[in-house]
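Summary of structural features
Below, each chain spelled out in residue letters.
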Amino acid sequence: MLQTKPVYASFRSIGAYVPQKTLSNADLEKMVDTTDEWILKRTGIKERHIADEEEATSDMGAKAAELAIKRAGIDKEEIDLVLCATVTPDYFNMPSTACIISDKIGIKNVQAFDISAACSGFVYLLSVAKAFIESGMKKNVLLIGAEKFSSIVDYTDRSTCILFGDGAGAAVISATQNKEEAFIDIHASADGSYADFLVTPAPGSINPASQKVIDEGLNFVQMKGNETFKLAVKTLTKDVKEILKKNEVKAEHIPHFIPHQANYRIIKAVGDALKMREDQVVITVDKYGNTSAASIPMAINDIYESGRLQTGDLMLLDTFGGGLTWASALLPFAGETL
Ligand code: UT7
């Protein structure tokens, strides 16, 4: 019988796009009953970036994707699957944002689709890419996490409008036969019984577009902030402990712990529970706020562009979001250093 060498998924490249316009805490003080001091103390956020009115999720995703493809050192013709994670797609029903991004960057006749896993979207995509590559179906998968979260935020609701920002991140995941470059492990899970913790009630089959939807603001994100916070700390800590234990990796040996950037206090609580040193934990929530599915790839891009992320470095990703969904991943960066 013919013996074939196993194929693994490897993280080849990263790219991101951050819209130019910023929304500072001082700006928010003029919009809702809040203060810079409250926001900073409770969330660690100083500012977030907001897309222009005419800038769609796909525009941001396309820019991040082009950078990721360039940095992967491959031609776009070599991409054989395009996946986008977003809860703020260009169109709520169809076409998918992955199809629009593919067209914008000139990728033709390639399978493309979106997934909806809120803030966990990018790590969910890593698991999908891994399955496609390791089954031999695809060789170079383009992943995009992109959000125009400002399009579903009610800027009169102080409990949510201070948190979210816009942006996009992208990565190329490629087949390799070198085990050193392979993803080590991914855990992804969900519990729909907490669906009402983070929800955008409309438009959808329950609340199709109507005057009532507009009048009651059902098209905006609603969050049970405090309950989500507590569950996030508990779940993220447990998930990371499990993935480290299962793979016999000690927390102190992780150079880059890259958690979902929702709230500095959540990140600090999880980091402390894992006894992580400050230099291990990647923080970008201060400048981008919570960018949902774009949060993790934007954070990876930050450490890549600052020269902190080196070829072969181990990354521990950990995320939590609407659904509820959560996921963690342990993988080396297999790309070229900038
Ligand atoms: O990405 C997906 C996962 N998302 C998350 O993990 C987000 C999780 N949640 C959070 O980050 C935090 O719960 C928030 C930052 C949203 C809120 O912080 P908190 O410490 O949980 O505050 P709270 O909701 O318990 O509210 C405390 C007080 C309330 O006033 P009273 O009832 O004590 O008088 C709120 O009305 O803070 C008030 N408040 C604010 N005050 C000033 C809520 N938002 C604001 C605000 N400015 N922006």
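Residues numbered from 1 in each chain as written. Predicted model: local features only at pLDDT ≥ 70, side-chain atom pairs only at ≥ 80, totals over all residues. Heavy atoms only, no water.

Let us now look at the domain arrangement of the chain. Structurally, the chain comprises domain 1 (8-181) and domain 2 (185-332). On a C-alpha basis, the centroid separation for the pair domain 1 and domain 2 is 14 Å. With 51 residues of domain 1 at the contact, the number on the domain 2 side is 45 residues. Across the domain 1/domain 2 interface, buried area totals approximately 3,600 Å², and carbon plus sulfur atoms make up 67% of it. Looking only at domain 1, the three residues that lose the most surface to domain 2 are I14, C119 and V123, adding up to 17% of its buried area. Across the contact surface, domain 1 and domain 2 share one salt bridge. As a salt-bridge pair, R71 and E305 come within 2.6 Å of each other at their nearest N and O atoms. The interface formed by domain 1 and domain 2 contains 16 residue pairs in polar contact (both at pLDDT 80 or more). (Domains from an automatic or database assignment. Contact = heavy atoms within 4.5 Å. Buried area = accessible area lost by both parts, 1.4 Å probe. Salt bridge = Lys/Arg side-chain N within 4 Å of Asp/Glu carboxyl O. Polar contact = N/O pair within 3.5 Å; in protein donor to acceptor, adjacent residues only side chain to side chain.)

In terms of burial, strand β7 (residues 166-176) is largely enclosed, as ten of its eleven residues are buried. Alignment of strand β6 (residues 140-148) against β7, held across nine bridges, turns out to be antiparallel. Pairing of G145 across the sheet is with G169, part of β7. (Buried < 20%, exposed > 50% of the residue type's maximum accessible area, 1.4 Å probe, protein only. Helix = DSSP H or I, 4+ residues; strand = E, 2+ residues; numbered from the N terminus. Pairing = 2+ DSSP bridges.)

A few words now on the site of the ligand. Around the ligand, the surrounding shell holds 23 residues, and the nearest of these are T34, R42, N226, N263 and N290. The separation between a nitrogen atom of the ligand and a polar main-chain atom of G225 is 3.0 Å. N226 places a side-chain nitrogen or oxygen 2.7 Å from an oxygen atom of the ligand. The set of elements that each furnish at least two residues to the shell around the ligand consists of α2 (36-43), α6 (158-161), α8 (225-246) and α9 (264-273). Each residue belonging to the shell around the ligand can be placed in one class, and the counts come to ten nonpolar, nine polar and four charged. Split by domain, the shell around the ligand shows at least three residues from each of two domains, domain 1 (8-181) and domain 2 (185-332). (Near = heavy atom within 4 Å. Nonpolar A, V, L, I, M, F, W, Y, C, P; charged D, E, K, R; others polar.)

One broad trend across soluble globular proteins is that nonpolar side chains are buried collectively. Counting residues in hydrophobic clusters, the biggest one holds 42 residues, and the most contacted among them are L244, I254, F257, I266, M276, L316 and L330. For this core, the secondary structure elements donating two or more residues are α8, α9, β12 (314-321) and β13 (325-332). Of the residues forming this core, the biggest block, eight residues, is contributed by α8. When residues are assigned to domains, this core turns out to be shared by domain 1 (8-181) and domain 2 (185-332), each giving three or more. Discounting chain neighbours no more than four positions away, the residues touching F257 are V240, V270, G271, L274, M276, Q280, V281, V282, L316 and D318. (Core = buried A, V, L, I, M, F, W, Y, C linked by side-chain atoms within 4.5 Å.)

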